[in-house]
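Descriptive analysis of the structure
As a plain string of letters, each chain reads:
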Amino acid sequence: MIAITVMLISCASAPSSEDRRRLAEGTRWELVRWGDRTVPHGDNGEPVILEFKDGRASGHTGCNRYHTRVTFGPGERQVTVSPGMTTRLACEPRRMEFEASFIRPFEASTGYRVEGERLLFESGGAPPLEFYRRPLERYRER
């Protein structure tokens, strides 16, 4: 009886693809950690950010704006990130190098995890891209 109850609770608590998509939306996600790399900030202190809405991700990669399609699911921790587009501003070489090295593993992500205020994108054995949740309202008032 206990095993059946545990199984029912775990099945009932598994979020749907739609629930996972809604969890990512309505939030500004800032890149805070990526293995042992130093995560740079833009010229005006702007961090690497992503926002999700209607199956798309957009944001700032430290130098340029970035847009792509993102699908959460169908599996519980599966994600598909399509090849994206960036603006083509010329920035400091160090920032442009980081931007290119960030976009490749983000687009290669096949899994994700949500741990409290963190959203991690994972691809194979590479270090995860770790984002931290920031409410959108805080940034839209500016």
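Okay, so let's go over this structure. (Residues numbered from 1 in each chain as written. Predicted model: local features only at pLDDT ≥ 70, side-chain atom pairs only at ≥ 80, totals over all residues. Heavy atoms only, no water.)

**Some thoughts on the pattern of salt bridges**
Under the definition given, this model contains 10 salt bridges. With its nearest N and O atoms 2.9 Å apart, the salt bridge here joins Glu92 to Arg94. Residue classification places Arg94 among the partly exposed positions, given a relative accessible area of 48%. Arg118 is the salt-bridge partner of Glu130, the closest N and O atoms lying 3.0 Å from each other. One end of the pair, Glu130, is in strand β9 (residues 129–135); the other, Arg118, is in strand β8 (residues 118–122), and 12 residues separate them in sequence. Under the relative-accessibility criterion, Glu130 is labelled buried at 7%. What you see here is one network of salt bridges that share partners, running through Arg33, Arg77, Arg113, Glu115, Arg118, Glu122 and Glu130. (Salt bridge = Lys/Arg side-chain N within 4 Å of Asp/Glu carboxyl O. Buried < 20%, exposed > 50% of the residue type's maximum accessible area, 1.4 Å probe, protein only. Helix = DSSP H or I, 4+ residues; strand = E, 2+ residues; numbered from the N terminus.)

**Details of the packing of aromatic side chains**
Applying the stated criterion to the full structure yields 10 aromatic pairs. Seen from their ring centres, Phe52 and Phe72 are 5.7 Å apart, and the 65° between their planes marks the pair as edge-to-face. Placement of the pair is Phe52 in strand β2 (residues 49–53) and Phe72 in strand β4 (residues 65–72), with a sequence separation of 20 residues. Residues Phe52 and Phe72 agree in their burial class; the two are buried. Ring centres of Phe72 and Tyr112 lie 5.0 Å apart, and the angle between their planes is 75°; this geometry places the pair in the edge-to-face category. One end of the pair, Phe72, is in strand β4; the other, Tyr112, is in strand β7 (residues 111–115), with 40 residues separating them in the sequence. Taking the relative accessible area as the measure of exposure, Phe72 reaches 8% and is therefore buried. Aromatic rings pair up to connect Trp34, Phe52, Tyr66, Phe72, Phe98, Phe102, Phe106, Tyr112, Phe121 and Phe131 into one cluster. Over the ring of Trp34 we find Arg37; its NZ or CZ atom is 4.0 Å from the centre of that ring. (Phe/Tyr/Trp six-rings, centres within 6.5 Å; stacked < 30°, edge-to-face > 60°. Lys NZ or Arg CZ within 6 Å of the ring centre and 35° of its normal.)

**Some remarks on the pairing of β4**
By the alternation rule, side chains of β4 split into Tyr66, Thr68, Val70 and Phe72, which are all buried, and Arg65, His67, Arg69 and Thr71, of which none is buried. As paired elements, strand β3 (residues 56–60) and β4 share five bridges and run antiparallel to each other. Paired with Arg56 across the strands is Arg69, a residue of β4. Relative to strand β6 (residues 85–86), β4 runs antiparallel, the two being bridged by two bridges. (Pairing = 2+ DSSP bridges.)

**Some words on the state of the cysteines**
In the structure shown here, the tally under the stated rule is one disulfide. Here Cys63 pairs with Cys91 through a disulfide, and the sulfurs are 1.7 Å apart. Classification of the bridge connecting Cys63 and Cys91 rests on its S-S torsion, roughly 90°, and on that basis the disulfide is right-handed. In this pair, Cys63 is assigned in the loop between β3 and β4 and Cys91 in the loop between β6 and α3 (93–107), connecting sequence segments 28 residues apart. Cys91 shares its class with Cys63; the two are buried. (Disulfide = S-S within 2.5 Å.)

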